[in-house]
Amino acid sequence: MITRDSKSPRKLVARHLEGIPRSGIRDFFDIVSTMRDVISLGIGEPNFDTPWHVREAAVFALEQGATGYTSNLGLARLRAAVAGYLDATFGLSYDPKDEIIVTVGVSEGIDLAMRALLNPGDEVLYHEPCYVSYAPVITLAHAVPVPVPTRAEHGFRLQRADLEARITARSKLLVLNYPNNPTGATLDREGLEAIAACACEHDLTVITDDIYGELTYEGKHVSLASLPGMKERTIFLHGLSKAWAMTGFRLGYACAPPVLIEAMMKIHQYTMLCAPILSQEAAVEALRRAEEDVEQMRSAYRRHRNFIHAAFAEMGLPCQCPGGAFYAFPEVSHLGISSRDFAFGLLEEERVAVVPGTAFGESGEGFVRCSYATGLDDIKEAMVRTARHVERLRR
Ligand code: PLP
């Protein structure tokens, strides 16, 4: 084991990691993995396998000897397929030549965007509760995370006034994620227009993480990048992990004005080089037949959503009806218990795993996240057990 004398003036691990905690989700699930007979509503991962024709495309590519690097930006065929898909699906127009870069999941896209844009001390606004990686990645880019709380009474939609209240002369970037992890909230055109107007007025660049865009259950997803005047100041992030059940392929992409794609590409070419070629080949096939695959999964998730939402209503836990993604975010605070204690109690007493809301930032206190990308029979049994636990807490 490598150790260093404690008197040594140089520390082994870099300073910028000191304030970064391990993901609350990982810690919780390290405990879950030691227990038996647990029904997990914890992991944000589809309960489907990747559609067979997509897996077959990867196998075929491998058989054909597709085992090398691709261009740094990604296969030209894939970038063309992404451009066609985004135009048809979200009305977004990007030039595959210099406005799209293929990344190793949206995770890499988030990191590239932050490192390409931020100088030390720049402030980055993001609505909270939010996906666990935003704040750490901002910190690793030597910038300052500025959470903007969203609240259940507003359906966890970011309010312009709340955003305005946290803007300073150092604010540079806003991160938006709708449909949202962990709340399941969506933001309609009107809500987006208010945020867009604010971004323009304060000259903010925006990262919009639309990874759950296809998983919208009422109406169609509208991307901030599609609003007038927003394409020029927006980095649009998307990928195939969620709506295509392709988490393990690690395939995403970022779309932005050429100057930003060029900046992101510089980091990508020296750190990642390119996304895996087999995943890129699989993605070409996935986008070719996107509509029917995605619709199949979306309609299953819609059924799961309707069931879980009704179940929480029946047991008296307030819960917004999730408009998108595959998470329900019921409130447990009125039971007189913290979200962490609720989650640990439910795990211990009833062997159901949910994630404490605080894993998604302080404003997640009082809530727990339940992923309904889980088999319906398991969801049904988990709800019976949860209702029993809630009843016990009420007594
Ligand atoms: N963005 C959000 C909002 C997510 O919920 C996740 C995964 O849970 C990611 C990004 C990471 O996705 P990927 O698998 O494409 O890296």
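Before going into details, it helps to say that this report is about the structure given with it. (Residues numbered from 1 in each chain as written. Predicted model: local features only at pLDDT ≥ 70, side-chain atom pairs only at ≥ 80, totals over all residues. Heavy atoms only, no water.)

### A short note on the sheet that holds strand 8 (residues 252-255)
Reading across the sheet, the seven strands line up as 2-8-7-6-5-3-4 and stay open at both edges, with mixed pairing between neighbours. The open sheet has two edge strands, strand 2 (100-103) and strand 4 (144-149), and neither has a second partner. Strand after strand, the sheet turns through a mean of 20 degrees between neighbouring axes, direction not considered. Here strand 5 (residues 171-176) pairs with strand 6 (residues 205-209) via four bridges, running parallel. (Pairing = 2+ DSSP bridges. Helix = DSSP H or I, 4+ residues; strand = E, 2+ residues; numbered from the N terminus. Axes fitted to C-alpha atoms, helices over the stretch in contact; angles between N-to-C directions.)

### Things to note about the layout of surface pockets
Here the largest pocket defines a volume of roughly 1,000 Å³. Lining the largest pocket are 41 residues, with S23, I25, Y131, V132 and S133 positioned closest to its centre. At the level of elements, helix 1 (24-32), helix 4 (105-117), strand 3 (123-128) and helix 5 (134-140) are the ones that each hand at least two residues to the lining of the largest pocket. Residues that form the lining of the largest pocket fall into these classes: 18 nonpolar, 14 polar and nine charged. Volume-wise, the second largest pocket comes out at about 320 Å³. Lining the second largest pocket are 17 residues; nearest its centre among them are Y85, T89, K220, E291 and R298. Where the lining of the second largest pocket is concerned, the elements lending two or more residues are helix 3 (76-90), helix 9 (277-288) and helix 10 (290-314). Residue classes in the lining of the second largest pocket are distributed as six nonpolar, five polar and six charged. (1 Å grid on protein atoms, 1.4 Å probe; cavity = no way out; pocket = protein on both sides within 12 Å on 5 of 7 lines; lining within 4 Å. Points joined across faces, edges and corners; volume = space filled by probe spheres on them. Nonpolar A, V, L, I, M, F, W, Y, C, P; charged D, E, K, R; others polar.)

### Section: the state of the cysteines
One way to say it: the disulfide is the covalent bond shared by the sulfur atoms of two cysteines. The final tally for this structure, using the stated rule, is zero disulfides. Free of any disulfide, C370 has its nearest neighbouring cysteine sulfur in C319, separated by 7.5 Å. Look at C370 and you get buried, because its relative accessible area is 2%. (Disulfide = S-S within 2.5 Å. Buried < 20%, exposed > 50% of the residue type's maximum accessible area, 1.4 Å probe, protein only.)

### Overview of empty space enclosed by the protein
Any empty space left between the atoms is revealed when a probe the size of a water molecule rolls over them. Within this structure, the stated rule accounts for two cavities of 30 Å³ or more. When its volume is computed, the largest cavity comes out at roughly 40 Å³. Surrounding the largest cavity, L41, F312, L317, P330, F342, L346, V354, V368, C370, M383 and T386 form its lining. Sorting the residues of the lining of the largest cavity by element identifies helix 11 (339-350), strand 12 (368-371) and helix 12 (376-394) as the ones contributing at least two each. Split by residue class, the lining of the largest cavity holds 10 nonpolar, one polar and no charged. If you add up the space inside the second largest cavity, you get close to 30 Å³. Lining of the second largest cavity is provided by L176, Y178, L187, L192, T208, D210, H221, V222, S223 and L224. Broken down by class, the residue content of the lining of the second largest cavity amounts to six nonpolar, three polar and one charged.

### Section: the packing of aromatic side chains
If you walk through the whole model with that rule in mind, you get 13 aromatic pairs. Ring centres 5.5 Å apart and planes at 85 degrees place the aromatic pair Y212 and F326 in the edge-to-face group. A residue pair is termed long-range when its members are at least 10 positions apart, and Y212 in the loop between strand 6 and strand 7 (234-239) and F326 in the loop between helix 10 and strand 9 (327-328) qualify at 114 residues. Looking at Y212, the relative accessible area reads 3%, which means it is buried. A relative accessible area of 0% places F326 in the buried class. Positioned above the aromatic ring of F307, the side-chain terminus of K380 is 5.7 Å from the ring centre. (Phe/Tyr/Trp six-rings, centres within 6.5 Å; stacked < 30°, edge-to-face > 60°. Lys NZ or Arg CZ within 6 Å of the ring centre and 35° of its normal.)

### A closer look at helix 7 (residues 189-201)
Taking 1.5 Å per residue, 13 residues should reach 18 Å; helix 7 reaches 18 Å between its end C-alpha atoms and fits that length. For helix 7, the full list of buried residues reads G191, L192, I195, A196, C198 and A199. Viewed along the axis of helix 7, the buried residues span an arc of 160 degrees, placing them on a single side of the element. Opposite its buried face, helix 7 presents the exposed residues E190 and E201, each directed more than 90 degrees away. Buried-residue contacts for helix 7 involve helix 6 (160-165), strand 5 and strand 6. (Expected span 1.5 Å × (residues − 1). Arc of directions from axis to C-beta. Contact = heavy atoms within 4.5 Å.)

Functional significance is not addressed by these values, which are geometric in nature.
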